[in-house]
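# Residue-level structural notes
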Amino acid sequence: MRVFFPDGGSREFPEGTTALDAAASISRSLASKALAARVDGVVTGLSEPLRDGVRLEVLGFDSPEGREVLRHSASHLLASAVLHLYPGARFGVGPAIEDGFYYDMDIPGFPGSSALEAIEAEMHRQAAESIRFERIEVGIDEARRVMTDLGQAYKLELLDEIAAAGESVTLYRCGAFTDLCRGPHVPTTAFLKHFRLTSVAGAYWRGDEKREMLTRIYGTVFDSSKALADHLAMLEEARKRDHRKLGPELGLFTTGNEGGCGLIYWLPNGTIVREELENLWKAAHRRNGYNLVSTPHIAPASLWETSGHCSYYRDNMYFMPVDETEYVLKPMNCPGHILIYKSEKRSYRELPFRLAELGTVYRYEKSGVLHGLMRVRGFTVDDGHIFCTPDQIVDEIRKVVSFALYFLQVFGFGYAIELSLSDPDDMGHYAGSPEMWARVEPALADALDGMGEKYRTVRGEAAFYGPKIDIKLRDALGRYWQGPTIQFDFNIPERFDLTYTGPDGGEHRIYMVHRALFGSVERFTGNLIEHFAGNFPGWLAPLQVVILPLTVQQHERAAEVCGMLADRGFRCSVDRRNETIGYRIRAAESRKVPMMLVIGEREAGSGRVAVRAHGRGDLGVFELEEAVGLIEEACRRPALPEGGRSLSEIP
RNA sequence: GCCAAAAUAGCUCAGCGGUAGAGCAGCGCACUCGUAAUGCGCAGGUCGUGGGUUCAAUUCCCACUUUUGGCUCCA
């Protein structure tokens, strides 16, 4: 039989040749890298016999499919090891995921994470035995019989669903462990060498909090010990950058315990970072035509009934009595901004009308989801609401997206844009008329297209009140975080009956956009801490310059220099501790102070300073004014967005 | 909220039935120093909180609080 290869060539093989045989006949290295095959476009196992005339592509760890097969097989090996150590174990699902795999299991007598080492050792033992992954095609009834015999209730439940689709199924047997599985798998457990179990967690069966909680064991697997080591090193690097570790270490914030969980206490250093961020934010917003406003933290519940929050957001809201009336601690800023919009009759001449506020909101979040600065119960949304006519939508969206990108570029984040649209088969449950949706959804896409931005369209991911654009920011370690979000709202303008007077003298329904560019100041700061690993750019650094007199003889000169820098607006201090220069340099480096000025006898006498930059080392001796120039350069605040717009004209 | 793990000095951790120990940070003294840790000394803890078991609990048990990893949810 003849097999064709991706390079266009082909080769003759005897009947019964497998993909692995074919790979081995081409080169030893290809065979050694092979994890799976693509046969006529379909991913299959390497042990499957090939048919005459197929196109064969060998998949290694460098392909997404190859990685997935290896990870998936590792999850089976994990299950097999668990079954060996805990014979009554019952199995849920065990898929490959980004960076690794997991398996959800009901493990009788499972002692917790202390068992990981033993399970991993058992996995290595089975891997060394080169146990075959055996593919078995069976009918549904046969599969049911096998799983009933094995006592695998969860698998039977899965089979019921597959049976509804009416197919035959495949089982994979690997030694004593037989699993219901679509496959494919690597040929034997010997392909699994470089893995590590990483954590244990609870996971609801089928992700349903009403169902039983299974034990989920996570692991990761690679095709070489180096790749595994690199991955573990990357995790280690991420741990070092963890904002929950760096935050208290650098005196940025503290949280939890007596302070209440999910609530942030900004320490003096953190407050400086926050203030610099907020100052940039405010200046940039004024420049881009936003009216900055401020709204109260509490408001009568009736306001939140009008907005609809009391019915659909109740579980996340804090209520409190004031006199005889029930009040709500605000979970969002929109109703406040709406009252400001409604405070007078609005003309089309003042549109688009843009409001913005650094609005602190409080939301009840389940205790288990709280996480450092990223997920809290009190946070500040850099909220903005744009009120405009239907004609202005495309332009406004474009402006907001480019405004969001301005901030990402200031901090050096990469990004990925997602456009979330309605589900056309289910228009019934959305607020607003289908005509409004039909008008706005293409407008969002137009705006992105017009800017030349790449984006991913996700059907059915829109909020019930409107479509949205989400921007994921990519940090220095390549991790993605939810960043700016731009959401259309067809719901609130109707609920509050928001209108403007058009040129025709009639009242028209206003169009409204919610947008947050940082998302929340807390979360964004957390992202920044991790992105920069605590090494803030000069303008954000809590302390910008440390002056280090070499001995007590230079204390006076150091104080002079410090006073001069402070007069010029720099955050600086003198480290006059009775310690060696090496000790104090080390202290300043660990505090990640961007600039250090060393003043010894030589400098003090000549009006010069020795300059050292964080992470870069000694830069040499400079005239004081030159040194100030270097500091200015290191601490320069970012430029405001270009093409600033003035406020809308007030007629 | 649920599953699992954890909480000892400001930080990182040891001790695990007989009422606590180190390193770093802090303070003091000496040294007066040239680009990431000078030496010596001092001080610092109702061992997260509250119950229980015990002659005796930081140690064992229970509850609560907080944290961590996930699930569900989300800025």
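Residues numbered from 1 in each chain as written. Chains lettered and ligands numbered in written order. Predicted model: local features only at pLDDT ≥ 70, side-chain atom pairs only at ≥ 80, totals over all residues. Heavy atoms only, no water.

### Section: the nonpolar core
One finds Ile397, Phe407, Phe411, Ile469, Phe488 and Leu528 to be the most contacted residues of the largest nonpolar core, which totals 66 residues. With 12 residues, helix H13 (residues 393-411) is the largest single contributor of residues to this core. With sequence-adjacent residues up to four places away left out, phenylalanine 488 is seen in contact with Ile393, Ile397, Val440, Leu444, Tyr465, Gly466, Pro467, Tyr511, Met512 and Val513. Formed by 41 residues, the second largest nonpolar core is a distinct cluster that contains Ala81, Ile131, Phe195 and Phe222. (Core = buried A, V, L, I, M, F, W, Y, C linked by side-chain atoms within 4.5 Å. Buried < 20%, exposed > 50% of the residue type's maximum accessible area, 1.4 Å probe, protein only. Helix = DSSP H or I, 4+ residues; strand = E, 2+ residues; numbered from the N terminus. Contact = heavy atoms within 4.5 Å.)

### Considerations on the protein's contact with RNA strand B
With respect to spatial proximity, 57 residues lie near RNA strand B, and among them Tyr204, Arg375, Asn578, Arg586 and Glu603 are the closest. Here, RNA strand B places atoms within 4 Å of the protein, and 48% of those atoms are sugar or phosphate. In the model, a base nitrogen of RNA strand B is placed 2.4 Å from a nitrogen or oxygen of the tyrosine 204 side chain. Tyrosine 364 places a side-chain nitrogen or oxygen 3.5 Å from a phosphate oxygen of RNA strand B. Secondary structure elements with two or more residues in the surface near RNA strand B: strand S12 (194-204), strand S13 (213-222), strand S28 (511-520), helix H18 (581-590), helix H19 (601-606) and strand S32 (608-613). Looking at the surface near RNA strand B residue by residue, the classes come out as 21 nonpolar, 19 polar and 17 charged. (Near = heavy atom within 4 Å. Polar contact = N/O pair within 3.5 Å; in protein donor to acceptor, adjacent residues only side chain to side chain. Nonpolar A, V, L, I, M, F, W, Y, C, P; charged D, E, K, R; others polar.)

### Regarding the pairing of strand S8 (residues 100-106)
Counting buried positions along S8 gives six out of seven residues, so the element sits mostly inside the fold. Relative to S8, strand S6 (residues 90-91) is paired through two bridges, and the arrangement is antiparallel. Paired with arginine 90 across the bridge in S8 is aspartate 106. Summarising the sheet, strand S7 (residues 96-97) and S8 pair through two bridges and their orientation is antiparallel. Following the sheet pairing, alanine 96 is matched in S8 by phenylalanine 101. Connecting S7 to the antiparallel partner S8 that follows it, the hairpin turn spans two residues, and aspartate 99 within it adopts a positive phi of roughly 75°. As judged from the five bridges shared by S8 and S13, these two strands associate in the antiparallel manner. Paired with phenylalanine 101 across the strands is glycine 219, a residue of S13. (Pairing = 2+ DSSP bridges.)

### Examining the domain arrangement of chain A
You'll often see interface size given as the accessible area lost when the parts meet. Domain parsing of chain A yields domain 1 (2-60), domain 2 (65-241), domain 3 (282-295 + 333-533) and domain 4 (545-634). Centre-to-centre, using C-alpha coordinates, domain 1 lies 26 Å away from domain 2. Taken residue by residue, the interface counts 13 residues in domain 1 and 11 residues in domain 2. Buried surface at the junction of domain 1 and domain 2, summed over both partners, amounts to about 880 Å²; 69% is from carbon and sulfur atoms. Run the count over domain 1 and domain 2 and you get one salt bridge. Between arginine 38 and glutamate 65 there is a salt bridge, with its nearest N and O atoms 3.2 Å apart. Those elements that provide at least two residues to the side of domain 1 that touches domain 2 are strand S3 (36-39) and strand S4 (42-44). Partitioned by chemical class, the residues of the side of domain 1 that touches domain 2 number seven nonpolar, four polar and two charged. (Domains from an automatic or database assignment. Buried area = accessible area lost by both parts, 1.4 Å probe. Salt bridge = Lys/Arg side-chain N within 4 Å of Asp/Glu carboxyl O.)

### Let's talk about the packing of aromatic side chains
Within this structure, the stated rule accounts for 29 aromatic pairs. Judged by centre distance (5.3 Å) and plane angle (70°), the ring pair of phenylalanine 411 and phenylalanine 524 falls under edge-to-face. Taken together, the residues phenylalanine 411 in helix H13 and phenylalanine 524 in helix H16 (residues 521-531) connect sequence positions 113 residues apart. By relative accessible area, phenylalanine 411 is classed as buried at 3%. Take phenylalanine 524: its relative accessible area is 1%, and that puts it in the buried class. Ring centres 5.4 Å apart and planes at 85° place the aromatic pair phenylalanine 464 and tyrosine 465 in the edge-to-face group. (Phe/Tyr/Trp six-rings, centres within 6.5 Å; stacked < 30°, edge-to-face > 60°.)

### Observations concerning the packing of H13 against helix H14 (residues 434-451)
Where H13 meets H14, the closest approach of the two axes is 8 Å, and the angle between their N-to-C directions is 50°. The angle between the axes of H13 and H14 places the two elements in the oblique class. Judged by the sense of rotation from one axis to the other, the crossing of H13 with H14 is right-handed. Listed contacts from H14 to Ile393, Val394, Ile397, Arg398, Val401, Ser402 and Leu405 of H13 are Val440, Ala443, Leu444, Asp446, Ala447, Leu448, Gly450 and Met451. Grouping the constituent residues of the contact of H13 with H14 by class yields 11 nonpolar, two polar and two charged. (Axes fitted to C-alpha atoms, helices over the stretch in contact; angles between N-to-C directions. Parallel < 35°, antiparallel > 145°, perpendicular 65-115°, else oblique. Left-handed = near helix turned anticlockwise from the far one by under 90°.)

### Let's talk about unusual backbone geometry
Across the junction of leucine 351 and proline 352, the peptide omega takes the value -5°, indicating a cis bond. Tracing the backbone shows proline 352 in the loop between helix H12 (334-341) and strand S20 (353-362). In this model, aspartate 323 sits at a positive phi of 50°, which is unusual for a non-glycine residue. Locating aspartate 323 in the fold gives a position in the loop between strand S18 (318-322) and strand S19 (325-329). Judged by its relative accessible area of 74%, aspartate 323 is exposed. Within the chain, lysine 592 stands out as a residue other than glycine whose phi angle is a positive 60°. For lysine 592, a relative accessible area of 18% corresponds to the buried category.

### Points about the layout of surface pockets
Considered as a void within the structure, the largest pocket measures approximately 920 Å³ in volume. Contributing to the lining of the largest pocket are 36 residues, with Met332, Arg363, Phe379, Thr485 and Gln487 lying nearest its centre. Secondary-structure elements contributing two or more residues to the lining of the largest pocket are helix H11 (309-312), strand S21 (378-388), strand S24 (468-474), strand S25 (480-489) and S28. Partitioning the lining of the largest pocket into residue classes produces 16 nonpolar, 11 polar and nine charged. Size it by volume and the second largest pocket reaches roughly 790 Å³. What lines the second largest pocket is a set of 28 residues, and nearest its centre among them are His72, Leu180, Cys181, Arg182 and Gly183. Mapped by element, the contributors of at least two residues to the lining of the second largest pocket are helix H3 (64-85), strand S9 (133-138), helix H6 (153-165), strand S10 (169-174) and strand S11 (177-180). (1 Å grid on protein atoms, 1.4 Å probe; cavity = no way out; pocket = protein on both sides within 12 Å on 5 of 7 lines; lining within 4 Å. Points joined across faces, edges and corners; volume = space filled by probe spheres on them.)

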